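As a plain string of letters, each chain reads:
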Amino acid sequence: MAVLGMEAQTIKDGSKWWDGMVLYTATIDEFGVVHMSGIWSHPGNFSFSLSPVEGGKYPYCLSADAPDAVLPVRGELGWDVDYIRKDGMNFIAIRKPKGEICHTLVLTPDNVENCTAQEEWAEQQPVSDILTNMLLSPAYLGRFNKSELRLMRNEILARHGWKFQSQDLKDHFGKQSWYKPVADNNQVKLNVIEETNIQLIKSEETVPEKDRIHRDRFNGLPAREITAEDFPGGLADDGRGPEIIDGEEVYVVENEEQLIANLRPNRTVYIPDNVHLNLSRILENDVHFKNRPGRRWSSDATAIISKEPLVVSEDVFDGRQLTLVNFSGLTIKGGKNASIEVDPRYSFCFNFVNCDHCQLINLIIGHTEGGNCSGGVVGMRGGQHNVVKDCDLYGCGTYGLELIETSDFGLIDSNIHDCTYGIMEMRSCMAVRFDRNDFFHNREFTLIEATGCEGVSFQDCRFFANDGDAPLFGLDNTFYMGRTLVPLIWQTSQAPRIGSRRIRST
């Protein structure tokens, strides 16, 4: 997908801007500061400012008359603001610190009554008709739950033939007569509205439910709804407690807030049939992690000095990842087609640091877009006796597994496929077993790479349709294979060689 890039534009004095709820008029002062004053059918203080940025990537930043001012638009003081003129569109785009658009205001000649009528008309149209020809707004998106938002975002891509990795998206769009997947997603080209709407929807997915907006419930402040965040100790605080499924005591979670709230040592968390979680919806919001017991907002989880179990939103190159630190006895398992994904390309979906006896069971786990250089699907650093079982790890990250200084790890009855750098990377590990797994459609370098590892074994595994530019195995120590299918391209008369060592078959 292309990245929005425009030449800097200047907002004109007296111009009017509509954000789906409020009509703003721009007034330019002698210093070039744009003062936005808004009106709507309900009274309220709708005002903010845009200060010019000399030599910056974008022409403005969000500002206000007072440092504690409450902004009526999505964003925080100091965030970048772009003025985009492209493909017949003229709009202001407020960008998050990593550049994603989270709020837009469209240039308009209309009054507030006409703007409101246009918005109400749009809400009566089929969603598919709106996605590609109208910039969306928080007021419009506030009508949809987060599962619906995910389908809307991906429909924009599907209309261009985007080839999905997530099985539920494959199934959903595969039923549509118009969906014709392309061979290479790099062929997909989006217009400015489509690119912006994808970013707006992704941003809306991260907004806590209590802060979401829709005009039907708007009375001067966003509606207050009870969510899992009202029970910081977990959903058990509401008196409901765990449930019994198949004779096992589990804590059932159906959204991202509930998952984070219920992560505890010595507990089984259960994601029901056909429930899809996108962890980026909660990981990007510091309110869920800062000053919360058992949680941290960190740039480096490995630098945290603590012996207590911690749920960490950790910074990566293009977003944040979930890192669990010092957990023991935690099991996260899913029902039929239960899935978990993240948006950042350079993140792990699950990252475990110094965790023991933890399990991921019967889950589909992966990324929404491909990445390079860093990140993967599941990461394990330190700890022992951890298991991934009956899972589908579909990559788009660099590796399906990254294991560092861990021992007694098992990948059992699972798949690793469609990873951009290879199947797995291991460093200084002991007693790592792979039983009854399939590894396929992975690329691009040495597919299995390990240094300083002992006791690595592959039993009843299959390798097929992979495309690396180096030997399948790149290990510097003896490893073991039993009843494992390796493609003929790697089955030489001398058997695959790893440095100066030979694999040991049983």
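This write-up is about the structure you can find in this document. Since this is a predicted model, take the numbers as computed values, not measurements.

Helix and strand counts for the chain come out as eight helices and 37 strands. When the 506 residues of the chain are sorted by exposure, 54% land in the buried category. Sequence-distant contacts in the chain: of pairs separated by 6 or more residues, those separated by 24 or more amount to 55%. Carbon and sulfur atoms make up 47% of the accessible area of the chain, which amounts to about 22,200 Å² in all.

Think of a sheet as strands paired side by side through backbone hydrogen bonds, with each pair either parallel or antiparallel. If you walk across this open sheet you meet the nine strands as 13-14-15-18-21-24-27-30-33, and the pairing is mixed. On the outer flanks of this sheet lie strand 13 (295–298) and strand 33 (473–475), each paired with one strand and no other. Here the average twist between neighbouring strands, direction ignored, is 15°. Across four bridges, the pairing between strand 27 (residues 422–427) and strand 30 (residues 448–451) is parallel. Looking across to strand 30, one finds that Met-424 is bridged to Ile-448.

For the rest of this paragraph, the subject is the sheet that holds strand 23 (residues 392–393). Reading across from one edge, 12-17-20-23-26-29-32 is the order of the seven strands in this open sheet, with parallel pairing throughout. Single-partner strands in this sheet number two, and they are strand 12 (276–278) and strand 32 (462–464). Here strand 23 runs beside strand 26 (residues 415–417); their pairing, made up of two bridges, is parallel. What sits directly across from Asp-392, in strand 26, is Asn-415.

This next bit is on the pattern of salt bridges. Overall, the coordinates contain 18 salt bridges when judged by the stated rule. With a closest N to O distance of 3.7 Å, Arg-320 and Asp-315 form a salt bridge. Lys-389 is the partner of Asp-390 in a salt bridge, and the nearest nitrogen-oxygen pair spans 2.9 Å. Look at Lys-389 and you get partly exposed, because its relative accessible area is 29%. Connected through shared salt-bridge partners, Arg-153, Glu-205, Glu-256 and Arg-281 make up one network.

Scanning the entire structure with this criterion turns up 18 aromatic pairs. With 5.4 Å between their ring centres and 85° between their planes, Trp-17 and Tyr-83 make a pair best called edge-to-face. Linking Trp-17 in strand 1 (residues 16–18) with Tyr-83 in strand 6 (residues 80–86), this pair joins segments that are 66 residues apart in sequence. Considered together, Trp-17 and Tyr-83 belong to a single accessibility category, that of buried residues. Aromatic rings pair up to connect Phe-434, Phe-439, Phe-458, Phe-463, Phe-473 and Phe-479 into one cluster. Taking NZ or CZ as reference, Arg-143 lies 5.0 Å from the ring centre of Tyr-140, over its face. Note that Arg-267 overlies the ring of Tyr-251, its terminal NZ or CZ placed 3.6 Å from the centroid.

Moving on to the nonpolar core. In terms of nonpolar packing, the biggest core is built from 62 residues, with Leu-360, Met-426, Phe-434, Phe-439, Phe-458 and Phe-463 touching the most fellow members. Ignoring any residue separated from it by four or fewer positions in sequence, one finds Leu-360 in contact with Ile-332, Phe-350, Phe-352, Ile-365, Val-378, Val-387, Val-388, Lys-389 and Cys-391. Counting residues in hydrophobic clusters, the runner-up holds 25 residues, among them Phe-46, Tyr-60, Leu-71 and Val-73.

What follows deals with the packing of helix 4 (residues 146–158) against helix 5 (residues 167–174). Helix-helix packing is described using two parameters, namely the angle between the two axes and the distance between the axes. The interhelical angle for the contact between helix 4 and helix 5, taken along N-to-C directions, is 65°, at an axis separation of 11 Å. The angle between helix 4 and helix 5 falls in the class roughly perpendicular. Crossing of helix 4 against helix 5: the hand is right-handed. Within the contact between the two elements, helix 4 uses Arg-150, Leu-151, Asn-154, Glu-155 and Ala-158 and helix 5 uses Asp-168, Leu-169, His-172 and Phe-173. For the contact of helix 4 with helix 5, a count of residues per class yields four nonpolar, two polar and three charged.

Cut-offs used in this document
- Residues numbered from 1 in each chain as written.
- Predicted model: local features only at pLDDT ≥ 70, side-chain atom pairs only at ≥ 80, totals over all residues.
- Heavy atoms only, no water.
- Helix = DSSP H or I, 4+ residues; strand = E, 2+ residues; numbered from the N terminus.
- Buried < 20%, exposed > 50% of the residue type's maximum accessible area, 1.4 Å probe, protein only.
- Contact = heavy atoms within 4.5 Å.
- Areas by Shrake-Rupley, 256 points an atom, 1.4 Å probe, with all protein chains shown as cover.
- Pairing = 2+ DSSP bridges.
- Axes fitted to C-alpha atoms, helices over the stretch in contact; angles between N-to-C directions.
- Salt bridge = Lys/Arg side-chain N within 4 Å of Asp/Glu carboxyl O.
- Phe/Tyr/Trp six-rings, centres within 6.5 Å; stacked < 30°, edge-to-face > 60°.
- Lys NZ or Arg CZ within 6 Å of the ring centre and 35° of its normal.
- Core = buried A, V, L, I, M, F, W, Y, C linked by side-chain atoms within 4.5 Å.
- Parallel < 35°, antiparallel > 145°, perpendicular 65-115°, else oblique.
- Left-handed = near helix turned anticlockwise from the far one by under 90°.
- Nonpolar A, V, L, I, M, F, W, Y, C, P; charged D, E, K, R; others polar.

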